[in-house]
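Listed here are the chains, written in short residue letters.
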Amino acid sequence: MVNARLTWQREIRHLFAESSVAGPLFTLIFVFILSSLFVPHFFSWRTVSGIVNAATLTGIVTIGVTLLMISGEFDLSVGSLIAVGGYLFGQQCAHNSPLLGLALAFLIPGFLGALNGLIRVRTGIPSFIATLGTGFIFRGAAWILSGGSMLQLTDKLPIYDIFNGRFNLLDDLLPGANFLTSLLWLLGTVLVFQYVLVRTRYGNHVFAVGGQVEAATAQGVNVERVKVINFAISGALAGFAGVFTFCQFQTMRVASGSGTELTAIASAVVGGALLAGGSGSIWGALIGVLLISMLRTAVVLLNIPFIPADNFEAIVGVTIVGAAIFNNWVRQRT
Amino acid sequence: MESRATFLAQLRYRFADIPEVVSFVSLLTLFIFFSIAAGNFLTPMSIANILTFASITGIVVIGVSILMIAGEFDLSVGSNFAVASYVFVLSLKAGMNPILSMLTALLVSAGFGLINGLIVTRTGIPSFITTLGTMLAYRGIARAIGSGTFATYTGAPPALFGVLNAPLDAINQLFNPASTLRVSIFWFILIAIVMQVILRRTRYGNWIFATGGNPGAALSQGVPTKWVKVSAFVLVGLLTGFASVIQLAYRLSVDPLRGVGMELIAVAACVIGGAQLSGGYGSVLGACVGMLLIQMLEQGLVLMHLPIEIFQAVTGLILIIAVISNTYLSGQK
Amino acid sequence: MNKFIRSAMLVVVCALMLNACAPATPPPTAPPTIPPPTTAPAQAPQPTAVPPTAVPPTVAPTKAPAPTVAPTAAAPAVDPNKKLKLVMVQHALCAWDSFWCVVQKGIETAAKQMNIEVTVLGPDKFDLEKTATLIDQATAAKPDGIGLTVTDAKLFKDPINRAIKAGIPVVAYNAGSGPDKDGIPYLTYIGQDEYQGGYLGGLRMIAAGGKKGVCINQQVGHAGLDLRCKGFVDAFASKNLKAAVLGITDDPAQSQTTISDYATANPDVDAFLTLGPNGANPFYAWLKASGKKAGDVKHGTFDLSPEIVTHIQDGSTLFGIDQQPFLQGYNAVMSLALLLRQNVSPALPVTATGPGFVDKTNVAFVKALAGQYR
């Protein structure tokens, strides 16, 4: 009898130790159950789909940021790259060539991301500072691209619905659901990058570079190349997020996306990634954005008297600290 | 070729332990540039603008630079700033004595710093993440106590306001347009000198450098690193609160978005001033010069009638160039 | 040591020489003929006014004489070709609030037509303290005139007075209540009466069947926007109905979520007032995503934009309250130019540009101009 109980506990510990995502996943499920029980209007497809939709834009950026964080670097310029990608896409849509816009929205921010990487590896300045500076510069680039004004289109192109339109299949099936097709794109991107991270040699390199740079170099990993590629990916995904933003609002402003960088980093950490690098997962990134989005909605729906509806920020802040502490505790216990 | 190499090496050797050099040179260069290229730059109002508007954030920057030398970040200074102003205004409106109101505000902001420090040292969560979280949490508190709207002090300004941030009208009125010099500049300079002295000439200052540079070695040498870090966080909080109170003495009102973005400007100023992100290296003076540089840039661009949107991009460029120079000169990579 | 000092001096001298050789500021492009500003393009159509059943005490222009500008020279000179440099200080910019793109267009059109150099300054997010700082920085540039938004009269009083005392004429546009109400001796306020706009808008929504309202404010603390919401809430209160204020931000994604959650938590709210394109944009995104039909909720908004006009046409938006942003920007530049060149001062402390209601009956007229000139 005693033996059985011990193995059960050890199993759980094993589970948590194996993956960095177990802790965050547990938190997500726990918060979901709590909210469903105590928050009015929470347990409905309408609310759940709202939570998921709110998470997609940040989620795409967080994937790139997480990948980069695992390799030990930061990217504070993703917010500006969202605007750059959004404008490139939107302007091509205005000329009725959305596919060209899509390509540009990937390539140019990707290139700018690679520039971040090059600055990092060639000059040795910490990526936090380098991307702080380039973030400002890229914002200026977005301003030049925009001609100083906002871009708003009223004609609906079919491509908007492909990326961020009503997810009819699911919405007709589930009563009250309002899922958007961006959900599929987000899931797809998560799957692709998680696969790359854990099943390819490149993924191994990413972990190695973040964890122990000397050991990685000794093993023949081209550290510089890995970092530059990760920066490029982070940039390209930010541009991709710009495409989604434009599809959702058909509007792009020079200031679009600002503030996303810190939210993305926070989501990555809530999802289990280590700031120091070497640990994390793309599933964790997804969990992180979902958790924050869930808490945001829960706070508004709870209608707590002394917390006005627009004050979910504070809850997000507490979550970040709490989740970081919890993840740390789990990591230490296993 | 060889003489150039030795020249560069000499440069590095000479300036390795003067972190402020890049910021001074940059400031001088920019000053000369604007004197020539921008009309009305060398006027009393323009110079006064730069000094006065840099002084408030400058006080915060002083604290942030010390913390950075100790090896930690504080991204919550902006939110802390807002809360301190709200506490100050609301206490005054509730009829509390002005000095007591100020002390309450300082207590709260130092307390927030304490919370930051305790979380970082007790749980081991990196300060970047901790203060990212507290930044949001404190912002929420600012919104909550302000009921999500402005708080304005409408009564007669007490004498304390004059002590904190009176306009130097004796000098200001001499010019046309009247210059904008205020007492906050004196506070800024005073605090900068005091902190630089503490940093460079006291054992506590040594401890700060040691804690940031090599915590392990510091610990083994008997430096109470945890206490040093917590005290640095409290210091940042206190200085932020003081800056906030000073600003309120002039502006008389605070809004829920006050101070947003301050943390990144502070980091930029510190880094331009020679601080290393990894800790253990930097200077209060350099950070102050960095702040003046950023403010000078803004005023200069306005004087040149350039679009304000390029201010950010130019700041970013200067930041990167300054960091590269600093890294190179200090010999770290 | 000597080598170093020499090199440093070389660098400094080179910098000085480079700057001395830098090209001067580009000469004006337009030829110096200044046509007298006749009608501003796209004059206001006849906006339908609400039959005043219960109109609040309006801001009547006071009988006090228009405030005189501080004398700049001994004898007022008339020089129609005088080269002018103006600075506009706004609390928002086209870069992040699309309403201001139309204002900017007005400013730029006037500047081009009248051959004036205009710089537009503003913070990079809604930050009134920063705006106050910018006013001082603009004054240091000693421009010929300053146009600004008096978004918070108490906060801006000190810097504006400094500019006026320095002899720089100041004109307020878009935000403010007039020199008498604000207590600051600027020339005139060019804009609309915010409270009235909110009040009349509220009445319209009640007339269309609204029972419980919410005023969605994306820049809480902006005195003008707060007045709009106050007018709205008062209109509902005058009919014994409830209305509240919801604060959102200028970030559309977050705002959409906030609106969505608020609507879920308050399902009986059926009248939504947004205060500009930055509020309408996430509202429309929420409307589309929530699958509601036009007519389920009543929506009215301030200002116009291409998508707002589209929604007025298809009926999902009852009205857009037009304050004629193009006119505000244009008129601000024009007033300063008239004063500085021809010594003509504005006649009244408040030069109204709105509120004009654009609804289904007259939207066709403005459709082509929305986002550009309206």
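Preceding this section is the structure that the text describes.
Residues numbered from 1 in each chain as written. Chains lettered and ligands numbered in written order. Predicted model: local features only at pLDDT ≥ 70, side-chain atom pairs only at ≥ 80, totals over all residues. Heavy atoms only, no water.

1. Looking at the overall build of chain C
Reasoning step 1: If you tally the helices and strands in chain C, you get 12 helices and 12 strands.
Reasoning step 2: Here chain C holds 374 residues, and 57% of them are scored as buried.
Reasoning step 3: Taking as baseline every contact in chain C between residues at least 6 positions apart, the subset at least 24 positions apart corresponds to 78%.
Reasoning step 4: Accessible surface computed for chain C: about 14700 Å², of which carbon and sulfur atoms make up 62%. (Helix = DSSP H or I, 4+ residues; strand = E, 2+ residues; numbered from the N terminus. Buried < 20%, exposed > 50% of the residue type's maximum accessible area, 1.4 Å probe, protein only. Contact = heavy atoms within 4.5 Å. Areas by Shrake-Rupley, 256 points an atom, 1.4 Å probe, with all protein chains shown as cover.)

2. With respect to the overall build of chain B
Reasoning step 1: Along chain B, the regular secondary structure elements total 15 helices and two strands.
Reasoning step 2: Computed over the C-alpha atoms, the radius of gyration of chain B is 20 Å, within 12% of the 20 Å expected from 2.2 N^0.38 for a compact globule of 333 residues.
Reasoning step 3: Summarising its shape, the C-alpha atoms of chain B cover approximately 70 × 55 × 35 Å along the three principal directions.
Reasoning step 4: Burial statistics for chain B: of 333 residues in total, 61% are counted as buried.
Reasoning step 5: For chain B, restricting intrachain contacts to residue pairs at least 6 apart in sequence, the fraction spanning at least 24 positions comes to 77%.
Reasoning step 6: For chain B, the exposed area adds up to about 12100 Å²; of that, 69% sits on carbon and sulfur atoms.
Reasoning step 7: If you average the places of the 16 positive and of the 10 negative side-chain charges in chain B, the two averages end up 7 Å apart. (Rg over C-alpha atoms; globule rule 2.2 N^0.38 Å. Lys, Arg positive; Asp, Glu negative; His and termini not counted. Charge placed at Lys NZ, Arg CZ, Asp CG, Glu CD.)

3. Quick look at the interface of chain A and chain C
Reasoning step 1: Taken together, the contact between chain A and chain C spans 28 residues of the former and 33 residues of the latter.
Reasoning step 2: Three residues stand out in chain A for area buried against chain C, namely A:Gln152, A:Phe249 and A:Arg253, and they jointly supply 24% of the buried area on that side.
Reasoning step 3: In this assembly, chain A and chain C are joined by nine residue pairs in polar contact (both at pLDDT 80 or more).
Reasoning step 4: Within the residue set of the side of chain A that touches chain C, elements represented by two or more residues are α3 (45–70), α12 (223–249) and α14 (282–302) of chain A.
Reasoning step 5: Considered class by class, the residues forming the side of chain A that touches chain C number 11 nonpolar, 12 polar and five charged. (Buried area = accessible area lost by both parts, 1.4 Å probe. Polar contact = N/O pair within 3.5 Å; in protein donor to acceptor, adjacent residues only side chain to side chain. Nonpolar A, V, L, I, M, F, W, Y, C, P; charged D, E, K, R; others polar.)

4. Here's the deal with the sheet that holds strand β6 (residues 212–217) of chain C
Residues and elements named next belong to chain C.
Reasoning step 1: Read from one edge to the other, the open sheet built from six strands follows the order β7-β6-β8-β9-β10-β12, with strand pairing classed as mixed. With partners counted over all chains shown, the strands left at the sheet margins are β7 (242–247) and β12 (356–359), one partner each. The average angle at which neighbouring strand axes cross in this sheet is 20 degrees, direction not considered.
Reasoning step 2: As paired elements, β6 and strand β8 (residues 271–274) share four bridges and run parallel to each other. Residue pairing for β8: Gly-213 is matched across the bridge by Ala-271.
Reasoning step 3: Contacts from helix α7 (residues 223–238) reach β6, β7, β8 and β9 (298–302), with the element oriented near 180 degrees to β6. (Pairing = 2+ DSSP bridges. Axes fitted to C-alpha atoms, helices over the stretch in contact; angles between N-to-C directions.)

5. Description of unusual backbone geometry
For residues other than glycine, phi is negative in most cases, and the peptide bonds are mostly trans.
Reasoning step 1: In the segment running from B:Asn176 into B:Pro177, the intervening peptide bond is cis, with an omega of 5 degrees.
Reasoning step 2: Mapped onto the fold, B:Pro177 is located in the loop between α8 (169–172) and α9 (184–201).
Reasoning step 3: In this structure, the amide linkage connecting C:Gly354 to the following residue, C:Pro355, adopts the cis form with an omega of 0 degrees.
Reasoning step 4: Take C:Pro355: it is sitting in the loop between β11 (350–352) and β12.
Reasoning step 5: Backbone geometry at A:Asn96 places phi at a positive 65 degrees, although glycine is not the residue there.

6. Quick notes on the interface of chain B and chain C
Reasoning step 1: Listed as interface residues are 40 residues of chain B and, on the opposing side, 40 residues of chain C.
Reasoning step 2: Summing both partners gives a buried area of about 3500 Å² for chain B against chain C, and 62% of it is carried by carbon and sulfur.
Reasoning step 3: Here chain B is connected to chain C by three salt bridges.
Reasoning step 4: Between C:Lys130 and B:Glu298 there is a salt bridge, with its nearest N and O atoms 2.6 Å apart.
Reasoning step 5: At the junction of chain B and chain C, the tally comes to 13 residue pairs in polar contact (both at pLDDT 80 or more).
Reasoning step 6: Mapped by element, the contributors of at least two residues to the side of chain B that touches chain C are α1 (2–15), α2 (21–37), α3 (44–69), α12 (225–251) and α14 (284–303) of chain B.
Reasoning step 7: Per-element tally for the side of chain B that touches chain C: the top contributor is α14(B), with five residues.
Reasoning step 8: Considered class by class, the residues forming the side of chain B that touches chain C number 18 nonpolar, 17 polar and five charged. (Salt bridge = Lys/Arg side-chain N within 4 Å of Asp/Glu carboxyl O.)

7. Re the packing of helix α13 (residues 260–270) of chain A against helix α15 (residues 312–333) of chain A
Residues and elements named next belong to chain A.
Reasoning step 1: Orientation of α13 relative to α15, taken along the N-to-C sense of each, is 35 degrees, at an axis distance of 9 Å. Judged by the sense of rotation from one axis to the other, the crossing of α13 with α15 is left-handed. Contacts between α13 and α15 pair Ala-266, Val-269 and Val-270 from the former with Ile-320, Ala-323, Ala-324 and Asn-327 from the latter.
Reasoning step 2: Split into classes, the residues belonging to the contact of α13 with α15 amount to six nonpolar, one polar and no charged. (Left-handed = near helix turned anticlockwise from the far one by under 90°.)

8. Looking at the packing of aromatic side chains
Reasoning step 1: In the structure shown here, the tally under the stated rule is 36 aromatic pairs over all chains.
Reasoning step 2: Ring centres of B:Phe31 and B:Phe41 lie 5.5 Å apart, and the angle between their planes is 65 degrees; this geometry places the pair in the edge-to-face category. Here B:Phe41 lies in the loop between α2 and α3 and B:Phe31 lies in helix α2, a separation of 10 residues in the sequence.
Reasoning step 3: Look at C:Phe99 and C:Trp100: their rings are 5.4 Å apart centre to centre, the planes differ by 90 degrees, and that puts the pair in the edge-to-face class. As far as the burial class goes, C:Phe99 and C:Trp100 line up, both buried. (Phe/Tyr/Trp six-rings, centres within 6.5 Å; stacked < 30°, edge-to-face > 60°.)

9. As for the state of the cysteines
All names here are of chain C.
Reasoning step 1: Under the definition given, this model contains two disulfides over all chains.
Reasoning step 2: Note on cysteine connectivity: Cys-94 is disulfide-linked to Cys-101, with sulfurs 2.1 Å apart. The sign of the 85 degrees torsion about the S-S bond sets the Cys-94-Cys-101 disulfide as right-handed. Each member of the pair, Cys-94 together with Cys-101, is buried.
Reasoning step 3: Between the sulfur of Cys-215 and that of Cys-229 lies a disulfide, 2.0 Å long from S to S. (Disulfide = S-S within 2.5 Å.)

10. Comments concerning the sheet that holds β11(C)
Residue and element names in this part refer to chain C.
Reasoning step 1: The sheet built from six strands is open, its strands ordered β2-β1-β3-β4-β5-β11 with parallel pairing. Each end of this open sheet is capped by a strand with a single partner; those strands are β2 (116–121) and β11. On average, adjacent strands in this sheet sit at an angle of 20 degrees to one another, irrespective of strand direction.
Reasoning step 2: Where strand β1 (residues 84–89) and strand β3 (residues 145–148) come together, four bridges link them in parallel fashion. Its bridge partner being in β3, Met-88 is matched across the sheet by Gly-147.

11. Details of helix α10 (residues 306–313) of chain C
Reasoning step 1: C:Glu307, C:Ile308, C:Val309, C:His311 and C:Ile312 are the residues of α10(C) that are buried.
Reasoning step 2: Residues of α10(C) that are buried make contact with β1 (151–152) of chain A together with α9 (277–290), β9, β10 (319–322), β12 and α12 (363–367) of chain C.
Reasoning step 3: Trailing α10(C) by a residue or two, C:Gly315 shows a phi angle of about 90 degrees, which is positive.

12. Some thoughts on the pattern of salt bridges
Reasoning step 1: All chains considered together, the criterion is met by 15 salt bridges over all chains.
Reasoning step 2: Here A:Arg120 makes a salt bridge to A:Glu73, at a shortest N to O gap of 2.9 Å. Pair noted here: A:Arg120 is in helix α5 (residues 98–123) and A:Glu73 is in the loop between α3 and α4 (78–94), with a separation of 47 residues, a long-range link.
Reasoning step 3: Put simply, B:Asp255 and B:Arg258 hold a salt bridge, and the shortest N to O gap is 3.2 Å. One exposure class covers both B:Asp255 and B:Arg258, and it is buried.
Reasoning step 4: Several salt bridges share partner residues, and in doing so they unite B:Arg182, C:Asp136, C:Asp158 and C:Arg162 into one network.

13. Comments concerning helix α6 (residues 127–146) of chain A
Residues and elements named next belong to chain A.
Reasoning step 1: An ideal rise of 1.5 Å per residue puts 28 Å on 20 residues; α6 measures up with 27 Å between its terminal C-alpha atoms.
Reasoning step 2: Most of α6 sits out of view: 16 of its 20 residues are buried.
Reasoning step 3: At the exit of α6 stands Gly-147, carrying a positive phi of roughly 70 degrees. (Expected span 1.5 Å × (residues − 1).)

14. Points about the nonpolar core
Reasoning step 1: In terms of nonpolar packing, the biggest core is built from 259 residues, with A:Phe89, B:Phe128 and B:Ile129 touching the most fellow members.
Reasoning step 2: Contact partners of B:Ile129, with chain neighbours within four places excluded, come to A:Ile265, A:Val269, A:Leu275, A:Ile320 and A:Ala324.
Reasoning step 3: One finds C:Leu287, C:Val297, C:Ile308 and C:Ile312 within the second-largest nonpolar core, a separate group that totals 22 residues. (Core = buried A, V, L, I, M, F, W, Y, C linked by side-chain atoms within 4.5 Å.)

15. Regarding the pairing of β3(C)
Residue and element names in this part refer to chain C.
Reasoning step 1: A two-sided burial pattern is seen for β3, the buried positions comprising Gly-145 and Gly-147 on one face and Ile-146 and Leu-148 on the other.
Reasoning step 2: The sheet contact formed by β3 and strand β4 (residues 170–173) spans three bridges and is parallel. Considered in β4, the bridge of Ile-146 is made with Val-170.

As far as function goes, none of this settles anything; it's purely spatial.
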